[in-house]
Amino acid sequence: MKLKYTLLIFFTITSYFIAPAQEIVDYSDFFKQREYPKSLLYMKLGYEHTQINGSNINTEMVGIHTPAKWVDIYGGFHISTRNLYQVAARGDFKWWISETRNLALRNQYTYSAYANENLQNLNMSLMLVYDQEHLYAAFGGYAQFFTNFFIKENTQRSYVWEPGLAYDFRTRIFKKAHIWNLGLQITNIRHFLVERSYSPNFILNGNYRLCSENDDHLNLLIEAGFQPSGIFHIVANYYSFFFNVGITCNI
Amino acid sequence: MQYLKYFIFTTITLLVVSCDKYDLQGFFMSPSKERVNERFEQSVAYNLEHQEDTLITTNSDEYQFTTAADFHIKTTANNLSKYIKSTANDPSILFSSILGDITDQKGGLSIAFDSINNNKANSIVRIIAGNHDVYFDQWQEYCQLFGSSTYFFIVKTPNTSDLFIALETTTGSLGKLQKKWLEDILMDKRNQHRYCIVLTHTNFFDTELSQFPSGNFSLEETAFLTNIFSKYDVNMVINGHDHTYDYTELNGVRYLTLEDAQDLDPEPTYFTINVTNNEITYKKEAL
C-alpha cells in the first residue's frame, strides 16, 4: 500500500509541477522545419495471430494532434474480426531536461476500453527518454487501474491497481529524415495499450516517405512483431505475431 | 577495460551452465518441448482414462478443503510432508490441493511424489503444475507422476454439488484449446452447481512488486479470463506463483493468491477454504 501511494504522489507531483521547457532541443534540421500545431492521421490494416484467439484481421485509425512540441494527443479506435472493439485516448507529454544529451521526461496517459470484455483500463507512465537520430530509449514506471463497465447485480464496483515498468527501445539504420528506414523495437507500449512489463513486443519497423526526403506529409509504415508469453517465468512460449501496414498523413 | 568483456562473458557463461534452479534457456524458448496446446491434449488424454477422478462425495453440504502452492522442493520436502500429513489426519478436510511450483530443480518432482504418497493415507490430493515444474524439460515426468494439469472435478454433497476447474498456466497462457475447453465447461456445467472454484498456478493481478519480474498473463488474456469468470458466476479463483498473499475482487469474482510454502521460508503457510451454504471463506494456516 505504501508503494501505491508513493507512486501516485510521484505521478501527481511530476504531472503538475514540472513545467514544459521553453526551448526544446531539435537536433535534426528536419524537425526544426516543423510547424505547430500539426495533426496526423494514422490508418492501418493488420493481421494478428494470438495463442488464445487464433488469426484475426484488424484495423486501427488514430488521430494524433500536436498543439505544441511538448505534447501529443492521440485518439482512435481498433476493431478486430475476433470481436475486439477498443477505443482509446492517450496523451504524451515531453519535457526536455538536457539540451546536450537529448534527455527528456515522457509522461503518458493511456485510456483503453475493451468493449467486448467489459473492462476498462487507465495507465499512467513516466519515463526518462534518451533520443537521438539512431536510437530512442525510454525507461520508467507505470501505474494502471482496471475496472469493469457494467457491474453485476449485488456487486460493488472495484478497482484493481498495478504498478510496473514501461520501456520503449528503438533503433533505426538511417537518420530520422531519411526517405526510408528500418529499425528494431522492444517495448511494452503500443498505440493504445501498455502491456505488462513482462510481456515485451519485439518489432521490426519500416517506413517510406511517399512524397520525398524531409517530407512527412505521407508516410508508409510497416511493422512485424512478436510477443512471447511467460518470458519471465523462464518458460517462454510464443504468444502472438502481428503484421501491420499503415500510412500517416498530415491533415 | 579490455578484460571487462571477457569477465562479463565468463560470468554469464558460468551462470548459464551452473544454474540448477533456473532453466535460463527459457528466456528464449520453453524448456518444455511441448507447447501449451500439446500439454493440454496430454492432460485431456489422461482425464479420459481416469474419469473416476472427477467425483468427490461428502455427507455434508458444508465442508472444508485446503490449498497450498510454491513448495519449490530442492532436496527436502519437509513442508510438503507436513502439509499432506496434517490435512490427511484431519477428518474435517475433504481434500487438499497443490497449486504448482512443486519443485525447483530436476529430480524434485519424484521427491514430491514420494512425500505425497507416504503421507496422504486415503486422503484426496489434487495437483496442478507451475512454471518451475516444467523447467529442465520435466513436463513428461510431471505427467507420469501426477497425470494431468487441466481437469475438472465435482464435489457432490447430499443436496447440491460444487464445480472445481483446474487450469494449466505454466507458460502464462491457456492456449487456444484450453481456452475453448474452459468456455465449454463453464457453459455446459456451471449452472448445474452451487459454487464454481477455479484453481490455477499463475495469478491474475500484480498489485505489488514483491516477486518482480514474475510473469503473468498478457492484458488481452487477463481481460478475456476475468470477463468469462464473471459472466459464468465463478465464485473464487485461487492461485499461487507470486509467493505473497493477495486478495482482489473484480465484478463478483474473488481472486485469492496464496503465499509460498518453501522449506526455506521462515513462515510457510497454507489456506483452509470453508464452503458453506451461504458463503466461501478462507483462513491462513501456519505450516
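Up top is the structure.
Residues numbered from 1 in each chain as written. Chains lettered and ligands numbered in written order. Predicted model: local features only at pLDDT ≥ 70, side-chain atom pairs only at ≥ 80, totals over all residues. Heavy atoms only, no water.

Trainee: What's the story with the interface of chain A and chain B in this structure? I'm lost.
Mentor: Often, the extent of an interface is quoted as the loss of accessible area upon association of its parts. Across the boundary between the two partners, chain A contributes 44 residues, which contact 54 residues of chain B. Surface buried jointly by chain A and chain B totals about 4,000 Å² across both partners, of which 57% is contributed by carbon and sulfur atoms. At the boundary of chain A with chain B, the tally comes to one salt bridge. Lys152(A) is the partner of Asp233(B) in a salt bridge, and the nearest nitrogen-oxygen pair spans 2.7 Å. Run the count over chain A and chain B and you get 20 residue pairs in polar contact (both at pLDDT 80 or more). (Contact = heavy atoms within 4.5 Å. Buried area = accessible area lost by both parts, 1.4 Å probe. Salt bridge = Lys/Arg side-chain N within 4 Å of Asp/Glu carboxyl O. Polar contact = N/O pair within 3.5 Å; in protein donor to acceptor, adjacent residues only side chain to side chain.)

Trainee: Help me understand the side chain of Gln262(B), please; the structure alone is not making it clear to me.
Mentor: Residues and elements named next belong to chain B. For Gln 262, the position within the fold is in the loop between β10 (253-257) and β11 (269-275). On the accessibility criterion, Gln 262 (14% relative accessible area) is buried. Within polar-contact distance, the side chain of Gln 262 engages the side chain of Asp 260 at 3.2 Å. Ignoring anything within four residues of it in the chain, the contact list for Gln 262 reads Asp 70, Phe 71, His 72, Lys 74, Asn 79, His 243 and Pro 268. (Helix = DSSP H or I, 4+ residues; strand = E, 2+ residues; numbered from the N terminus. Buried < 20%, exposed > 50% of the residue type's maximum accessible area, 1.4 Å probe, protein only.)

Trainee: What exactly am I supposed to notice about the sheet that holds β11(B) here?
Mentor: Pairing between the strands of a sheet is mediated by backbone hydrogen bonds and can be parallel or antiparallel. Residues and elements named next belong to chain B. Read from one edge to the other, the open sheet built from five strands follows the order β4-β3-β2-β11-β12, with strand pairing classed as mixed. Here the strands that pair on one side only, and so sit at the sheet edges, are β4 (124-128) and β12 (280-286). Averaged over all neighbouring strand pairs, the angle between strand axes comes to 25°, with direction disregarded. Bridge count between strand β2 (residues 63-68) and strand β3 (residues 93-99): five bridges; the pairing is parallel. Of the residues in β3, the one forming a bridge with Phe 65 is Phe 95. (Pairing = 2+ DSSP bridges. Axes fitted to C-alpha atoms, helices over the stretch in contact; angles between N-to-C directions.)

Trainee: Just checking my understanding: could you explain the packing of helix α2 (residues 36-49) of chain B against helix α5 (residues 139-146) of chain B for this structure?
Mentor: Helices that pack against each other are described as a pair by the angle of their axes relative to one another and the distance between those axes. All names here are of chain B. It is the contact of α2 with α5, at a shortest axis distance of 11 Å, that shows an interaxial angle of 15°. As the angle between them shows, α2 and α5 are arranged roughly parallel. Seen along the crossing, α2 lies across α5 with a hand that is right-handed. In this structure, α2 contributes Arg 39, Gln 42 and Ser 43 to the contact, and α5 contributes Trp 139, Gln 140 and Cys 143. (Parallel < 35°, antiparallel > 145°, perpendicular 65-115°, else oblique. Left-handed = near helix turned anticlockwise from the far one by under 90°.)

Trainee: Would you mind going over the pairing of strand β12 (residues 201-209) of chain A with me for this structure?
Mentor: The side chains of a regular strand alternate between both faces of the sheet. As judged from the eight bridges shared by strand β9 (residues 180-187) of chain A and β12(A), these two strands associate in the antiparallel manner. Opposite Gln185(A), over in β12(A), you have Ile203(A) as the bridge partner.

Trainee: What's the story with helix α3 (residues 78-88) of chain B in this structure? I'm lost.
Mentor: Residues spaced three or four apart along an α-helix point in a common direction, a consequence of the helix completing one turn every 3.6 residues. Residue and element names in this part refer to chain B. Three or more residues of α3 are buried, namely Asn 79, Leu 80, Tyr 83, Ile 84 and Thr 87. Take α3 and look down its axis: the buried residues cluster within an arc of 130°, on one side only. Buried-residue contacts for α3 involve β2, β3, α4 (108-119), β4 and β11. (Arc of directions from axis to C-beta.)

Trainee: Can you walk me through the sheet that holds strand β8 (residues 236-239) of chain B in this structure?
Mentor: Residues and elements named next belong to chain B. Spatial strand order, β1-β5-β6-β7-β8-β10-β9: seven strands in an open sheet with mixed pairing. Strands at the two margins of the open sheet, each flanked by one partner only, are β1 (55-57) and β9 (246-250). The mean angle between the axes of side-by-side strands here comes to 20°, regardless of whether they run parallel or antiparallel. In this fold helix α6 (residues 175-189) packs onto β5 (151-156), β6 (161-166) and β7 (195-199), with an angle of close to 175° to the strand it touches most, β6.

Trainee: In this structure, what is going on with the pattern of salt bridges? I would like to understand it.
Mentor: Where charged atoms of side chains with opposite charge meet at close range, the side chains can pair. Residue and element names in this part refer to chain A. Scanning the model with the defined rule gives twelve salt bridges over all chains in all. A salt bridge links Arg 106 to Asp 168; the shortest N-O distance between them is 3.4 Å. Here the residue Arg 106 occupies a position in strand β5 (residues 103-114), and Asp 168 occupies one in strand β8 (residues 160-171), the gap between them amounting to 62 residues. What makes Arg 106 buried here is its relative accessible area of 3%.

Trainee: It is not clear to me how the environment of Asn235(B) should be interpreted in this structure. Could you clarify?
Mentor: Residue and element names in this part refer to chain B. Mapped onto the secondary structure, Asn 235 falls in the loop between α7 (219-231) and β8. As for Asn 235 and Ile 280, which are separated by 45 residues in sequence, their C-alpha atoms are 8.3 Å apart. Only 3.2 Å separates the side chain of Asn 235 from the side chain of Arg 190, close enough to count as a polar contact.

Trainee: Even after reading the chapter, I still don't get the pairing of β10(B), so can you show me in this structure?
Mentor: Residue and element names in this part refer to chain B. Of all five residues in β10, four are buried, a share of seventy percent or more. With four bridges joining them, β8 and β10 adopt parallel strand pairing. Bridging from a neighbouring strand, Asn 239 pairs with Thr 257 of β10. Both β9 and β10 contribute to a ladder of five bridges, which runs antiparallel. Opposite Thr 248, over in β10, you have Tyr 255 as the bridge partner. Where β9 hands over to β10, the hairpin turn is made up of two residues, of which Asn 251 adopts a positive phi near 50°.

Trainee: Where do I start with a nonpolar patch on the surface in this structure?
Mentor: Residues and elements named next belong to chain A. A contiguous nonpolar surface patch, about 580 Å² in accessible area, is contributed by Leu 45, Tyr 47, Ile 57, Ile 222, Phe 241, Phe 243 and Val 245. Contributions of two or more residues to the nonpolar patch are made by β1 (38-50) and β14 (237-250). Among the elements that make up the nonpolar patch, the one with the highest residue count is β14 (three residues). With respect to the helices, strands and loops of the structure, Ile 57 is situated in strand β2 (residues 54-68). Owing to a relative accessible area of 44%, Ile 57 belongs among the partly exposed residues under this scheme. (Patch = residues over 30% accessible without salt bridge, like charges linked within 9 Å, V, L, I, M, F, W, Y side chains within 5 Å. Areas by Shrake-Rupley, 256 points an atom, 1.4 Å probe, with all protein chains shown as cover.)

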